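Structural description and commentary
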Amino acid sequence: MRKRPRDKSEKDRGPITKAVVPAAGRGTRLLPATRSQPKEMLPVGRKPTIQHVMEELAAAALRQVLLISGRGKRALEDHLDRDAGWNEEERQPWMDLQFFHARQTQPRGLADAVALAEPFAAGQPFVVALGDSILVSRARQPVLKRMIEVHARLRPAATIAVEEVPRDAVNRYGIVAPKGDVDSVFAIRGIVEKPSPSKAPSNLAAAGRYVLEPAIFDAIRRTDPGVGGELWLTDALRVLLKDKREVLCVRLRKGEHRLDIGNFPSYFQAFAELALADPEHGAALRAWLRRRLRPGRAEG
Ligand code: G1P
């Protein structure tokens, strides 16, 4: 098969180095913990959520990060400051990310937040990593790296990380409709935000990581407000599909899962999981929990 001639703009595409981290949500499901601090500053194990996200981005060789925050979220910017009193021995790769900041002034939804990234993206594809989700991976090549590789090779309009969720939980996520067989990478024909279990096209849920072409910005402009009056990224992705653009999914592998800190049940689990995995204090916590949960032990 003859190779398609590449135009100049294609040749000019360098590696994907930019990421956008939407972190402007109000955190109302986590009150009172979020009365005066951003949910992304809640610790999961010994680090705030936002730091876990930045570590993941640095590990995927991303270089520039646009943090989209909002009212009451200034602690996030402080945490990411270069000069936050770190001494050199504490320096870690994520601290070398170059941070940019934008502010969503009204809670109009995820797509409205992503739209603020248009000048930052400057016509190049970019990653979106939700600031309230941690992707835990024991895989040699974590999901974000695989997504970036797939996106650069197959050049769809969007590449989405998806995770299998229980049928009765589909109404909390964006759920994809696969086009054909579901493999480690697969194409979709649809995606719907928070469907009821009876209407869900699958149980594969968008897991808070996306690689997007700049075409998404035009798609967002053509997206109408959806559930709750918000502009959903899911609906903008559907506009891309309507334009006959390809949208691919990369499935989380065995040993990979998403920790969601957006509500108390999953935040408690996330904290417990990473505290138990702490190299220094995990073993002691496990022993304490075993004693604490011993059958017959009185509560309190
Ligand atoms: C957002 C997205 C949804 C996705 C979810 C988890 O929903 O809109 O498609 O599945 O994050 O990453 P939210 O949790 O903000 O309601």
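Small disclaimer: the values here were computed from a predicted structure and weren't measured.

1. With respect to the environment of Lys194
Tracing the backbone shows Lys194 in the loop between β10 (185-193) and β11 (204-212). Measuring from C-alpha to C-alpha, the distance between Lys194 and Glu246 comes to 22 Å, with 52 residues separating the pair along the chain. Ignoring any residue separated from it by four or fewer positions in sequence, one finds Lys194 in contact with Val170, Asn171, Arg172, Tyr173, Gly174 and Trp232. A distance of 3.4 Å separates the side chain of Lys194 from the backbone oxygen of Arg172, its partner in a polar contact. Within the structure, the side chain of Lys194 is placed 2.8 Å from the side chain of Glu193, a separation counted as a polar contact.

2. A short note on a positive patch on the surface
Together, Arg26, Arg71, Arg74 and Arg103 make up a positively charged patch on the protein surface. On the secondary structure map, Arg74 appears in helix α3 (residues 74-80). Here Arg74 falls in the exposed class, since its relative accessible area comes to 63%.

3. Concerning the pattern of salt bridges
Tallied over the entire structure, the rule returns 15 salt bridges. Across the pair Arg46 and Glu280 runs a salt bridge whose closest N-O atoms are separated by 3.4 Å. Taken together, the positions of Arg46 in the loop between β2 (43-44) and β3 (47-48) and Glu280 in the loop between α9 (264-276) and α10 (282-292) put the pair 234 residues apart, joining distant regions of the chain. In this pair, the class of Arg46 matches that of Glu280, namely exposed. Among the ionic pairs, Lys47 bridges to Glu55, the shortest N-O distance being 3.0 Å. For Glu55, a relative accessible area of 23% translates into the label partly exposed. Beyond isolated ion pairs, a larger network of salt bridges with shared partners links Arg46, Asp278 and Glu280.

4. As for the site of the ligand
What surrounds the ligand is the set Leu130, Tyr173, Gly174, Glu193, Lys194, Ala206, Ala207, Gly208, Trp232, Thr234 and Arg258. The side chain of Glu193 places a nitrogen or oxygen atom 2.8 Å from an oxygen atom of the ligand. Contacts to the ligand include Ala206, whose backbone N or O atom sits 2.7 Å from an oxygen atom. According to the grid-proximity analysis, the pocket containing the ligand is the largest pocket. Looking at which element gives the most residues to the shell around the ligand, the answer is β11, with three residues.

5. Comments concerning the pairing of strand β8 (residues 158-164)
Most of β8 sits inside the fold, with six of its seven residues counted as buried. By the bridge criterion, six bridges tie β8 to β11 in an arrangement that is antiparallel. Counterpart to Glu163 in the pairing with β11 is Ala205. The sheet contact formed by β8 and strand β12 (residues 247-251) spans five bridges and is parallel. When the bridges of β12 are listed, Ala158 appears paired with Val247.

6. Describing the layout of surface pockets
By volume, the largest pocket amounts to about 920 Å³. Around the largest pocket, the lining comprises 36 residues; the ones closest to its centre are Arg29, Lys39, Asp132, Lys194 and Trp232. Those elements that place two or more of their residues in the lining of the largest pocket are α4 (110-115), β11 and β13 (256-260). When residues in the lining of the largest pocket are grouped by element, the largest group, four residues, is from β11.

7. As for the packing of aromatic side chains
Taken as a whole and judged by the stated rule, the model has four aromatic pairs. Plain terms: the ring middles of Phe264 and Phe268 are 5.6 Å apart, the flat faces sit at 35° to each other, and that makes the pair tilted. You can see Phe264 and its partner Phe268 sitting in helix α9, four residues apart, about one turn around the helix. Pairwise contacts between aromatic rings join Phe264, Tyr267 and Phe268 into one cluster. Over the face of the ring belonging to Phe120 we find Lys18, whose NZ or CZ atom lies 5.4 Å from the ring centre.

8. A word on the nonpolar core
Counting residues in each nonpolar core, the largest one holds 39 residues, and the members touching the most others are Ile160, Tyr210, Leu212 and Ile216. The element that contributes the greatest number of residues to this core is helix α8 (residues 233-242), accounting for six residues. The residues touching Leu212, leaving out its near neighbours within four places in the chain, are Val114, Pro125, Phe126, Val128, His151, Ala157, Ala158, Leu233 and Leu237. Ranked by size, the runner-up nonpolar core spans 34 residues in total, among them Val21, Leu76, Ala129 and Val143.

What counts as what
- Residues numbered from 1 in each chain as written.
- Predicted model: local features only at pLDDT ≥ 70, side-chain atom pairs only at ≥ 80, totals over all residues.
- Heavy atoms only, no water.
- Helix = DSSP H or I, 4+ residues; strand = E, 2+ residues; numbered from the N terminus.
- Contact = heavy atoms within 4.5 Å.
- Polar contact = N/O pair within 3.5 Å; in protein donor to acceptor, adjacent residues only side chain to side chain.
- Patch = residues over 30% accessible without salt bridge, like charges linked within 9 Å, V, L, I, M, F, W, Y side chains within 5 Å.
- Areas by Shrake-Rupley, 256 points an atom, 1.4 Å probe, with all protein chains shown as cover.
- Salt bridge = Lys/Arg side-chain N within 4 Å of Asp/Glu carboxyl O.
- Lys, Arg positive; Asp, Glu negative; His and termini not counted.
- Charge placed at Lys NZ, Arg CZ, Asp CG, Glu CD.
- Buried < 20%, exposed > 50% of the residue type's maximum accessible area, 1.4 Å probe, protein only.
- Near = heavy atom within 4 Å.
- 1 Å grid on protein atoms, 1.4 Å probe; cavity = no way out; pocket = protein on both sides within 12 Å on 5 of 7 lines; lining within 4 Å.
- Sits in = over half its atoms within 2 Å of the grid points.
- Pairing = 2+ DSSP bridges.
- Points joined across faces, edges and corners; volume = space filled by probe spheres on them.
- Phe/Tyr/Trp six-rings, centres within 6.5 Å; stacked < 30°, edge-to-face > 60°.
- Lys NZ or Arg CZ within 6 Å of the ring centre and 35° of its normal.
- Core = buried A, V, L, I, M, F, W, Y, C linked by side-chain atoms within 4.5 Å.

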